[in-house]
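Overview (structure and organization)
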There are 2 protein chains.
Amino acid sequence: MTEHSLWRFSRALHRAINERQYDDLEAVIDDDVDWAVYGPIDMFPFLGARRGKEAVLDVVKRIADSVRVHRFDREKVMLGAESAASMMRYSLTALDSNKPISLRLAHFAQFKDGRLSHIRVLVDTFDLVEQVLGRPIHLPRMAS
Amino acid sequence: MTEHSLWRFSRALHRAINERQYDDLEAVIDDDVDWAVYGPIDMFPFLGARRGKEAVLDVVKRIADSVRVHRFDREKVMLGAESAASMMRYSLTALDSNKPISLRLAHFAQFKDGRLSHIRVLVDTFDLVEQVLGRPIHLPRMAS
């Protein structure tokens, strides 16, 4: 049985972020990849949309400059023939402040010939913003 | 071919929220359902974890008291035999302020005998909070 493309992509991505070794990642990304991570790009310029392998490798390098992955738990996963969706919980360290960050995300990925061709990532952004700010944002209560 | 449980659940949920008709929803929820919507529960008390059909029906009633669904687009969907994951974009109206809210969410759902038994929902919370506050939250730029 062939290994699902998700596992190869996941290993390559984490190797890129933690070891700054990008060759594995380069090999598993389609030239014309369509990439988007939804979130506040004013605060985190490495969020947002990217098109094409060059742009995606560049943004992963920026992520690698900003955080290190300590651990991740794949809480949910669904695999299709050339698609995958996961909900994941990450424990990260912010490299500038050395502070721990934990975040939850969901991704929907599409592969073509084993390479990532399309991905959408949703992050629990409010929680993330509060952690990076290092203080809670005061919120009014909107409903009872 | 039998209709996937996701579609029946989705129709029942939207009927519950928009028409406050809960009988369809009651029929598609497992008695011991394990339910969680991640997000800032201080601001939105109807987010968070609930266990059991009663608690879930109660929280859906609170959601129905707070918002109306205008439209939703299911941007991504993956279906398993008794599981489903989607990424969705909603256009809502907040009933107290009559303001439009758009939000993106991802859910991972498990069904048992056609009834929802487990669900985890991730919401693009930061964007949501800003919309409900009606103003942007000032954020420092964290990386270049």
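These remarks concern the structure in this document. (Residues numbered from 1 in each chain as written. Chains lettered and ligands numbered in written order. Predicted model: local features only at pLDDT ≥ 70, side-chain atom pairs only at ≥ 80, totals over all residues. Heavy atoms only, no water.)

Time to look at the interface of chain B and chain A. Counting from both sides, the interface comprises 43 residues of chain B and, opposite them, 43 residues of chain A. Our count for the contact surface shared by chain B and chain A stands at 0 salt bridges. Linking chain B to chain A there are 2 residue pairs in polar contact (both at pLDDT 80 or more). Within the residue set of the side of chain B that touches chain A, elements represented by two or more residues are α3 (53-66), β3 (67-79), β4 (83-94), β5 (99-112), β6 (115-123) and α4 (125-133) of chain B. Per element, the largest residue contribution to the side of chain B that touches chain A is 6 residues, and it comes from α4 of chain B. (Contact = heavy atoms within 4.5 Å. Salt bridge = Lys/Arg side-chain N within 4 Å of Asp/Glu carboxyl O. Polar contact = N/O pair within 3.5 Å; in protein donor to acceptor, adjacent residues only side chain to side chain. Helix = DSSP H or I, 4+ residues; strand = E, 2+ residues; numbered from the N terminus.)

Residues and elements named next belong to chain A. For helix α1 (residues 5-19), built from 15 residues, the straight-helix expectation of 21 Å at 1.5 Å per residue is met to within 8% by its first-to-last C-alpha distance of 21 Å. Buried within α1 are the following residues: Ser5, Leu6, Phe9, Ser10, Ala12, Leu13, His14, Ala16 and Ile17. Following α1 by one or two positions, Arg20 adopts a phi angle in the positive range, close to 55°. (Expected span 1.5 Å × (residues − 1). Buried < 20%, exposed > 50% of the residue type's maximum accessible area, 1.4 Å probe, protein only.)

Moving on, we get to the relation of the copies chain B and chain A. Superposing chain B onto chain A takes a rotation of 180° plus a shift of 0.0 Å along the axis, which leaves an RMSD of 0.0 Å. What the rotation and shift describe, once combined, is the action of a two-fold rotation axis. For chain B, the smallest separation between a C-alpha atom and the rotation axis is recorded for Phe126 of chain B, amounting to 2.0 Å. Of all interface residues in chain B, 100% are interface residues in chain A too; the two copies therefore contact each other through one and the same surface. (Least-squares fit on C-alpha atoms with pLDDT ≥ 70 in both.)

Let us look at the packing of aromatic side chains. Here the structure, examined in full by the defined rule, presents 7 aromatic pairs over all chains. A ring pair is formed by Phe44 of chain A and Phe46 of chain A, whose centres lie 6.0 Å apart and whose planes are at 55°; its orientation type is tilted. Neither Phe44 of chain A nor Phe46 of chain A differs from the other in exposure class; each is buried. Judged by centre distance (5.6 Å) and plane angle (35°), the ring pair of Phe72 of chain B and Tyr90 of chain B falls under tilted. (Phe/Tyr/Trp six-rings, centres within 6.5 Å; stacked < 30°, edge-to-face > 60°.)

The subject of this paragraph is the pairing of β5 of chain B. Residues and elements named next belong to chain B. Across 12 bridges, β4 lies against β5 in antiparallel orientation. Across the sheet, Ala84 pairs through a bridge with Ala109, a residue of β5. Counted between consecutive antiparallel strands, the loop separating β4 from β5 contains 4 residues, among which Asn98 sits at a positive phi close to 65°. When β5 meets β6, the two strands line up antiparallel, connected through 8 bridges. Note that in β6 the partner of Ala106 across the bridge is Leu122. Adjacent in sequence and paired antiparallel, β5 and β6 are bridged by 2 residues, among which Asp113 carries a positive phi angle near 50°. (Pairing = 2+ DSSP bridges.)

All names here are of chain A. Read from one edge of the open sheet, 6 strands run β2-β1-β6-β5-β4-β3, paired in mixed fashion. Looking at strand neighbours, the two that pair on one side only are β2 (48-51) and β3 (67-79), the edges of this open sheet. Between one strand axis and the next, the sheet turns by 20° as a mean value, whatever way the strands run. With respect to the sheet, helix α3 (residues 53-66) is in contact with β1 (29-38), β2, β3 and β4 (83-94), its orientation differing from that of β1 by roughly 50°. (Axes fitted to C-alpha atoms, helices over the stretch in contact; angles between N-to-C directions.)

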